[in-house]
Amino acid sequence: MTLAANAVRWLAGRKVIVDGVSVSVKPGQTLGLIGPNGSGKSSLIRLLAGLRAPAEGDVLLDNRKISGFGRWELARRVAVVEQHSMTEANVTVLDVVKLGRTPHRSALSPWTDADDDIVEDALVRVGLTDRRDQFWHTLSGGERQRVQLARALAQSPVVLILDEPTNHLDIQHQIDILRLVEDLSITTVVAIHDLNLAARFCDRIAVLSEGKLVTCGPPTEILTEKMIADVFGVEAHVSTSAHHGRLHIQFLM
Amino acid sequence: MTPSRIRLWAAGTAGVLIVLAALLVAITAGVAIGEMAIPMKTTVAAVTNRIGLTAIPVPRIQEAVIWDYRLSRSLVAAFCGAGLALSGAILQSLLRNPLAEPYVLGISAGASTGAVSIMLLGFGAGAISLSAGAFAGALLAFAFVVMLASGRQTADRTILAGVAASQLFNALTSYIVSTSANAEQARSVMFWLLGSFAGVRWPDVALSASVVSVGLVVCIWHSRALDAFTFGEDAARSLGIAVGRVRVVLLLVTALMTATMVSMVGAIGFVGLVIPHAARFIVGPGHMRLLPACALVGALFMVVADIVSRIIIAPQVLPIGVVTALVGVPFFSVILYRARRVA
């Protein structure tokens, strides 16, 4: 499915956080959102996920306004993984992944074998089948993100939205998570800090600064030394990696 | 169904039956124990006689004591425990705070202020207006806490707001009592504030039974939504939950249950805190099982607490709030200590 934001604007109080941004992501592709802290990435993510309603503009899923979708209808199509998931509840990995089936069940409908299969499949994909009975609070940061990803997969979404899913993870876990997402080949929007990871894993990149869209396009066109200097205020050297053929960005310190 | 799910279901049913049986025994014991000791056999006979199952001769005075005083008292205790435990479980899940419960959040204090205003300042009269006053007070306290704790709703802020609400409404209650009550009224109000099942009658049973039954059904209906709140409001919203509506409905139900109980038996603390944690320990965090478990265990706990309050310094009766607090505070401390370690 195609997900698109059409000139969306969002305010926190009177402060404009997202200012007339238009981006779109084609079926099966991955759109990366990059930009300095406070550039409006997380807010745009929330608008795209339908968690906040834009003050102006629309978010469209296959040319249909998401405000016109029912709550369940939307949650069956769009799944979100937050930056940080915290809970005090003493839940197990399996409990969390099962939450993903929530939009597919009515208030009192019983748990089915089909639900079991989908949850099992999600656990297999993130490699946590043998951890299903482990308690959430005993998991490491990387494992928690994988559990949340499995929960999102259990929603059987057509669009996956991730808000800095690799924050606070060590490099191996960052790559693990992004590889997993890459292998899913469903429409994905991901806010991401690391420009090299963005270059490696995204089909297109949208650059945000102070709530506005600076530019949007394939990594090779977007990640230029000039853009990095203008938006992030750092000098960088951009080259093509001899190892993976993607862009490699070195910061000159 | 897979075998493991059948086993789980069977275990659940067995658990419910065991607690129900224990509850029946406790209620019977509650009726039997008192200044006039009545054999359990007589108690059962009096009840089956009334329902029309048997016609066993029972001394009239015993029957009157059983039917008009003790049975209604035990039943109100049961519904009250169920309602408070349920309210605690809902608040803990909605506010994502292990220390949340009506008493700690000042909702009971607000309900007390409302009820005392009705009693002493004399707006209207009768049980219904007392409940209405308690309900208004509970809502006011709720609004106060939500307002103070709005924005980043961290565990600390909610509890701090609750402490402020408790202080404010307890001060208001004391102010109203000191300015408007005579000595005798003041004594009875203070006794009532600590919680007492003395003086509850069949109309109270009907009121508490209907409020708790409706509350239980509404809460169970929302149990999936409550599960979805595990990781907060945005996570719930992204799972298709109507977060705003669920919050309002469940907070209103909680306020209604708390207010009904406070207007009948005073502010009883810590039941709403202790029972949900105990129940979670037994059946886990899933609300479909947790909420009925809370209701049953809460009912059982309160009936037993009522019995304890009557025998510990017999023939005098200890305020029920004293008993629940003596059990609840150590429990509260343990939770606080563990919360510190996890954070």
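Report on the accompanying structure. Note that this is a predicted model, so its numbers are computed, not measured.

Check the secondary structure of chain A and you find 9 helices and 12 strands. Here the C-alpha atoms of chain A give a radius of gyration of 18 Å, agreeing with the 18 Å that 2.2 N^0.38 yields for 253 residues. Summarising its shape, the C-alpha atoms of chain A cover approximately 55 × 40 × 30 Å along the three principal directions. For chain A, the proportion of its 253 residues judged to be buried stands at 48%. For chain A, the share of sequence-separated contacts (at least 6 apart) that also reach a separation of at least 24 residues comes to 63%. Of the accessible surface of chain A, which amounts to about 11,500 Å², a share of 49% is contributed by carbon and sulfur atoms. Of the charged side chains in chain A, 27 are positive and 30 negative, and the gap between their average positions amounts to 6 Å.

Now for the interface of chain A and chain B. Listed per partner, the contact involves 35 residues of chain A and 20 residues of chain B. The interface formed by chain A and chain B contains 2 salt bridges. The partner of A:Arg52 in a salt bridge is B:Asp234, and the shortest N-O contact between them spans 3.0 Å. Counting residues per element, the ones that place at least two in the side of chain A that touches chain B are helix 2 (71-75), strand 6 (78-81), helix 3 (93-99), helix 4 (113-126) and helix 5 (141-154) of chain A.

Turning our attention to the sheet that holds strand 1 (residues 3-12) of chain A. Spatial ordering of the open sheet is given by 2-1-4-5 (chain A), a layout of 4 strands whose pairing is antiparallel. The open sheet terminates on both sides in strands that have one partner only, identified here as strand 2 (15-25) and strand 5 (64-65) of chain A.

This part takes up the pairing of strand 12 (residues 247-251) of chain A. Residue and element names in this part refer to chain A. With 5 bridges joining them, strand 11 (residues 236-240) and strand 12 adopt antiparallel strand pairing. Following the sheet pairing, Thr240 is matched in strand 12 by Leu247. Between strand 11 and the antiparallel strand that follows it, strand 12, lie 6 residues; Gly245 among them carries a positive phi value of about 75°.

All names here are of chain A. The sheet built from 6 strands is open, its strands ordered 6-7-8-3-9-10 with mixed pairing. Strands at the two margins of the open sheet, each flanked by one partner only, are strand 6 and strand 10 (212-217). Between one strand axis and the next, the sheet turns by 15° as a mean value, whatever way the strands run. In the sheet, strand 3 (residues 30-34) pairs with strand 9 (residues 204-209) via 4 bridges, with the strands oriented parallel. When the sheet's bridge partners are listed, Gly32 is paired in strand 9 with Ile205. Its contacts with the sheet place helix 5 against strand 6 and strand 7 (159-163), and it is angled at close to 170° to strand 6.

Residue and element names in this part refer to chain B. Within the secondary structure, Thr260 is located in helix 11 (residues 243-265). For Thr260, a relative accessible area of 5% corresponds to the buried category. The contact partners of Thr260, leaving out residues within four places of it in the chain, are Leu207 and Val211.

Here we take up the nonpolar core. In terms of nonpolar packing, the biggest core is built from 146 residues, with A:Ile34, A:Val97, A:Leu160, B:Phe197, B:Ile268 and B:Met302 touching the most fellow members. Among the elements that make up this core, the one with the highest residue count is helix 3 (residues 60-94) of chain B (16 residues). Inspection of this core shows a minimum of three residues originating in each of domain 1 (1-77 + 157-218) and domain 2 (85-156) of chain A. Filtering out sequence-adjacent residues up to four positions away, B:Phe197 remains in contact with B:Arg73, B:Val76, B:Ala77, B:Cys80, B:Val265, B:Ile268, B:Met302, B:Asp306 and B:Ile320. By size, the runner-up hydrophobic cluster in this structure holds 30 residues, among which are A:Ile17, A:Leu33, A:Val80 and A:Ala191.

Rules of the game
- Residues numbered from 1 in each chain as written.
- Chains lettered and ligands numbered in written order.
- Predicted model: local features only at pLDDT ≥ 70, side-chain atom pairs only at ≥ 80, totals over all residues.
- Heavy atoms only, no water.
- Helix = DSSP H or I, 4+ residues; strand = E, 2+ residues; numbered from the N terminus.
- Rg over C-alpha atoms; globule rule 2.2 N^0.38 Å.
- Buried < 20%, exposed > 50% of the residue type's maximum accessible area, 1.4 Å probe, protein only.
- Contact = heavy atoms within 4.5 Å.
- Areas by Shrake-Rupley, 256 points an atom, 1.4 Å probe, with all protein chains shown as cover.
- Lys, Arg positive; Asp, Glu negative; His and termini not counted.
- Charge placed at Lys NZ, Arg CZ, Asp CG, Glu CD.
- Salt bridge = Lys/Arg side-chain N within 4 Å of Asp/Glu carboxyl O.
- Pairing = 2+ DSSP bridges.
- Axes fitted to C-alpha atoms, helices over the stretch in contact; angles between N-to-C directions.
- Core = buried A, V, L, I, M, F, W, Y, C linked by side-chain atoms within 4.5 Å.
- Domains from an automatic or database assignment.

All quantities given are derived from atomic positions and should not be read as evidence of function.
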